[in-house]
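Breakdown of the fold
Listed here are the chains, written in short residue letters.
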Amino acid sequence: MRKQTENFQAETKELLNLMVNSIYTNKEIFLRELVSNASDAIDKLRFRALTDTELLKDGSDFKITIATDKENKTLTICDNGIGMTFDEVNENIGTIAKSGSKAFIEKFKEAKENSEIDIIGQFGVGFYSAFMVADKITLLTKSPLSELTVLWSSNGDGSYNIEETENSDDLKRGTKIILHMKEDALDFLEDYKISSLIKKHSNSIKYPIFMGEKKLNDEKPLWKMDKKDITEEQYNEFYKHTFYDFEDPLLHFHFKVQGSLEYTALIYVPKRTPMDFYSRDYKRGLQLYSKNVFIMDKAEKLIPEYFSFMKGIVDTDNLSLNISREILQQNDELEKISKNIEKKITTELQKLIKEDREKYITLWEAFGRSIKFGVQDMYGIYKGKLKDLLIFKSSFEDKYVTLKEYVERMKEDQKEILYVSGENIEVLKSLPKMKVLKDKGLEVLYLTDRIDEFTIKALMEYDEKQFKSINASDFELDDEKTKEEKENLAKENKPLLERIKNLLGEKIAEVKLNNGLGSGAAGLSAKGEISLEMERTLSEIPGNENIKAEKILELNPNHPMFEKIKNSDDETLKDLIYILYNQSLMIEGFPMENPVEFADKVNKILSK
Ligand code: ADP
Ligand code: MG
């Protein structure tokens, strides 16, 4: 039989140290942590027993028991769950590989300046939190997969002892944790204290928690309770320690569906974008329970990718119990549930857009990209479902609007949904064209996220209205008369425009006159599929650097600069065009070709 003394891993030591020396006043949360571990352990056993009933040979009367011993100053928490083998104890208790404590350590490091006070209580700090109240912990555990019991103990210093023993205790299966309480934590040995703590933090644990003969909890998981009996605070608390967030969620949906399809879902939207949300490490999915048995933690299938920011739990009695995780992948019942959840979420979100725009904007600013990616995904097959969840800022009142709102306000003779894209909304607002459009009473969407235009392109139309960039070369602002004037002007200046085009060569596709440029002397627009904004975005994605917009240099015929151009000799014209072109690049947010040469040319002209 093995017997060892091991050092804790560095990260664990750090956490332990924090706990041992904690001045945190709300130490009581250790009990919630140990009870939730006990409940998790029973969950695991029940799940594995679905395919291996042999594991239950020592009974299926699942329970958690708590015992106090004032004389020996110990508090004991015992469960008849899955227990741990020797190796598992080393793995699980010796290191912090686990979600809760790991997330805590990260948050703690991040938030040091705010002190530990704010986060310990809200986080699942896990097993080690017991060292806030105990100066020694003994853990006895028996796995149904091993003949031997494992005895683990530590004083919360740098090391722990671990040994295998014959089953000397009455522990047939499961884990018993004995806390040797610190002098200042002896009040946790009072029965009333324990029962009130269980009521407060662990009431909805779904296995009975006993102290002596007395049952301390109601055993009903939160999601199974009646909505009207659940307080906002209970919803929030449950969220924080189930999903390891230290902030209240933004909102929750609680669906209880009955009929041919039966399930309960409790779904949350976090307030902020998790750090790893847009990384490969992020795993989406909802927790899945069936007939109160925990089946899996992140059932991807239950939530579509564009709602991957949502966290939650689905509980259904419809699944047959001899399911394995593989079968879950092609389970019809789950498929139906997931479709139904998606539909319900979509409806709820649309309601939110109408009823609590502020809240939806918070969601949008944290996770809107996920929905926009959804529109573009799979050649746009989801766009029908998602189009009414999109919001964009608009020139109407500088507020977020839905496409529906936009279309409803459209002028009678307006055929297209107008947009302008660029990162800085202030710059967009000050575009000369914007003023012209405003005067005409036309609303323009500001597409300020670099993926917005791709989303719009994927959408193609809304309510049979196409989208049109006000920077597109074929965007017409004019009535017949001005159009004619323009055409004449273009005709008159044709030779000049051709000269300019030749000077710029391949850099641009065309030179045009545009009297809608307001006070600007020149500007850029694009024709074809790729807009200027798209070129800018694509240029940052490796491999796409060479995808270029077909650029059009637009000159303002009403600007004094235009007179100057007309009357210049070849050499001056060359310099002026160079300056105007580079200036326009700069205004559009592209790098200038050669800033030194640009400065030289400007100075040359200025000193003439
Ligand atoms: P977490 O619960 O977030 O995984 P903890 O620090 O609370 O983190 O627990 C660490 C690990 O120790 C658990 O993941 C589990 O593998 C194991 N463990 C803790 N308590 C028990 C228990 N009562 N029975 C079986 N395993 C346990
Ligand atoms: Mg835990």
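Structure's up top.
Residues numbered from 1 in each chain as written. Chains lettered and ligands numbered in written order. Predicted model: local features only at pLDDT ≥ 70, side-chain atom pairs only at ≥ 80, totals over all residues. Heavy atoms only, no water.

A separate point is the overall build of the protein. Looking only at helices and strands, one finds 21 helices and 23 strands in the protein. Here the protein has a C-alpha radius of gyration of 33 Å; the compact-globule value for 608 residues is 25 Å, and the former is much larger. Principal axes of the C-alpha set define a box for the protein whose edges measure 105 × 55 × 40 Å. Every one of the 608 residues in the protein was classed for burial, and the buried ones make up 51%. (Helix = DSSP H or I, 4+ residues; strand = E, 2+ residues; numbered from the N terminus. Rg over C-alpha atoms; globule rule 2.2 N^0.38 Å. Buried < 20%, exposed > 50% of the residue type's maximum accessible area, 1.4 Å probe, protein only.)

A few words on the packing of aromatic side chains. Scanning the entire structure with this criterion turns up 23 aromatic pairs. Plain terms: the ring middles of phenylalanine 8 and tyrosine 128 are 6.4 Å apart, the flat faces sit at 75° to each other, and that makes the pair edge-to-face. Here phenylalanine 8 is found in the loop between β1 (3-7) and α1 (10-20), whereas its partner tyrosine 128 is found in the loop between α5 (117-120) and β4 (134-142), with 120 residues between them in sequence. Residue phenylalanine 8 is classed as buried on the basis of its relative accessible area of 3%. Overall, the relative accessible area of 3% leaves tyrosine 128 in the buried class. (Phe/Tyr/Trp six-rings, centres within 6.5 Å; stacked < 30°, edge-to-face > 60°.)

Two numbers describe how helix α2 (residues 29-49) lies on helix α6 (residues 191-202): the axes approach to 10 Å, and their chain directions differ by 70°. If you check the angle between α2 and α6, you find them roughly perpendicular. Our pair here, α2 against α6, has a crossing hand that is right-handed. Two secondary-structure elements touch here, α2 through Ile29, Leu31, Arg32 and Val35 and α6 through Ile194, Leu197, Ile198, His201 and Ser202. For the contact of α2 with α6, the per-class residue count stands at six nonpolar, two polar and one charged. (Axes fitted to C-alpha atoms, helices over the stretch in contact; angles between N-to-C directions. Parallel < 35°, antiparallel > 145°, perpendicular 65-115°, else oblique. Left-handed = near helix turned anticlockwise from the far one by under 90°. Contact = heavy atoms within 4.5 Å. Nonpolar A, V, L, I, M, F, W, Y, C, P; charged D, E, K, R; others polar.)

The strand order β21-β23-β22 describes an open sheet built from three strands, whose pairing is mixed. Strand pairing shows two members of the sheet lacking a second neighbour, β21 (510-513) and β22 (522-527), which therefore form its edges. Neighbour-to-neighbour, the strand axes of this sheet turn through a mean angle of 30°, independent of strand direction. Examined bridge by bridge, β22 and strand β23 (residues 550-555) share six bridges and lie antiparallel to one another. Paired with lysine 527 across the two strands is glutamate 550, which belongs to β23. Contacting β21 and β23, helix α17 (residues 494-504) crosses the sheet at an angle of about 145° to β21. Along the sheet, helix α20 (residues 570-587) contacts β22 and β23; its crossing angle with β22, the most-contacted strand, is approximately 70°. (Pairing = 2+ DSSP bridges.)

Attention now moves to the environment of asparagine 17. On the secondary structure map, asparagine 17 appears in helix α1. Each C-alpha atom, one on asparagine 17 and one on aspartate 356, is 45 Å from the other, the two residues being 339 residues apart in sequence.

With that settled, consider the side chain of serine 195. Locating serine 195 in the fold gives a position in helix α6. Judged by its relative accessible area of 13%, serine 195 falls in the buried class. In this structure serine 195 touches Met211, Lys214 and Leu216, once residues within four positions along its chain are discounted.

Let's shift gears to the packing of α20 against helix α21 (residues 595-606). In contact at an axis separation of 10 Å, α20 and α21 are set at 130° when each is read in the N-to-C sense. As far as their axial angle goes, α21 and α20 are oblique. Considering the relative orientation of α20 and α21, their crossing is left-handed. Taken together, the residues of α21 that come into contact with α20 (itself represented by Glu571, Thr572, Asp575, Leu576, Tyr578, Ile579, Asn582 and Gln583) are Glu597, Phe598, Lys601, Val602, Lys604 and Ile605. When grouped by side-chain class, the residues that make up the contact of α20 with α21 number six nonpolar, three polar and five charged.

Another point: the environment of asparagine 544. Position of asparagine 544 relative to the elements: it lies in the loop between α18 (532-538) and β23. For the pair formed by asparagine 544 and lysine 399, sequence separation is 145 residues and the distance between their alpha carbons is 33 Å. In contact with asparagine 544, other than residues within four places in its own chain, are Leu538 and Ser539.

On to the nonpolar core, then. In this structure, Phe307, Met310, Ile345, Leu349 and Tyr360 are the most contacted members of the largest nonpolar core, which totals 77 residues. Structurally, this core is a two-domain feature, drawing no fewer than three residues from each of domain 2 (227-356) and domain 3 (471-608). Core analysis: the second largest hydrophobic core is formed by 53 residues, Ile66, Val89, Val150 and Leu189 among them. (Core = buried A, V, L, I, M, F, W, Y, C linked by side-chain atoms within 4.5 Å. Domains from an automatic or database assignment.)

Further remarks concern the pattern of salt bridges. Going through the model one piece at a time under the given rule, you end up with 47 salt bridges. Residue glutamate 540 pairs with arginine 450 through a salt bridge whose shortest N-O separation is 2.5 Å. In this pair, glutamate 540 is assigned in the loop between α18 and β23 and arginine 450 in the loop between β18 (444-447) and α15 (452-459), connecting sequence segments 90 residues apart. Judged by relative accessible area, which is 52%, glutamate 540 ranks as exposed. Linked through salt bridges whose partners overlap, the residues forming this network are Glu571, Asp575, Glu597, Lys601 and Lys604. (Salt bridge = Lys/Arg side-chain N within 4 Å of Asp/Glu carboxyl O.)

With that settled, consider the environment of serine 290. Tracing the backbone through its elements, the reader meets serine 290 in strand β12 (residues 286-290). Of the residues examined, serine 290 reaches a relative accessible area of 0% and is grouped as buried. Here the alpha-carbon distance between serine 290 and lysine 354, two residues 64 residues apart in the chain, equals 34 Å. Polar contacts involving the side chain of serine 290 include one to the main-chain carbonyl oxygen of threonine 316, which spans 3.2 Å. (Polar contact = N/O pair within 3.5 Å; in protein donor to acceptor, adjacent residues only side chain to side chain.)

What follows covers helix α7 (residues 232-243). For α7, which comprises 12 residues, the first-to-last C-alpha distance of 16 Å matches the rise-based estimate of 16 Å (1.5 Å per residue) to within 8%. By the burial criterion, the buried members of α7 are Tyr235, Asn236, Phe238, Tyr239, Lys240, Thr242 and Phe243. In this fold, the buried residues of α7 make contact with β10 (251-257), β11 (263-269), β12 and β14 (311-316). At the C-terminal side of α7, tyrosine 244 shows a positive phi close to 55°. (Expected span 1.5 Å × (residues − 1).)

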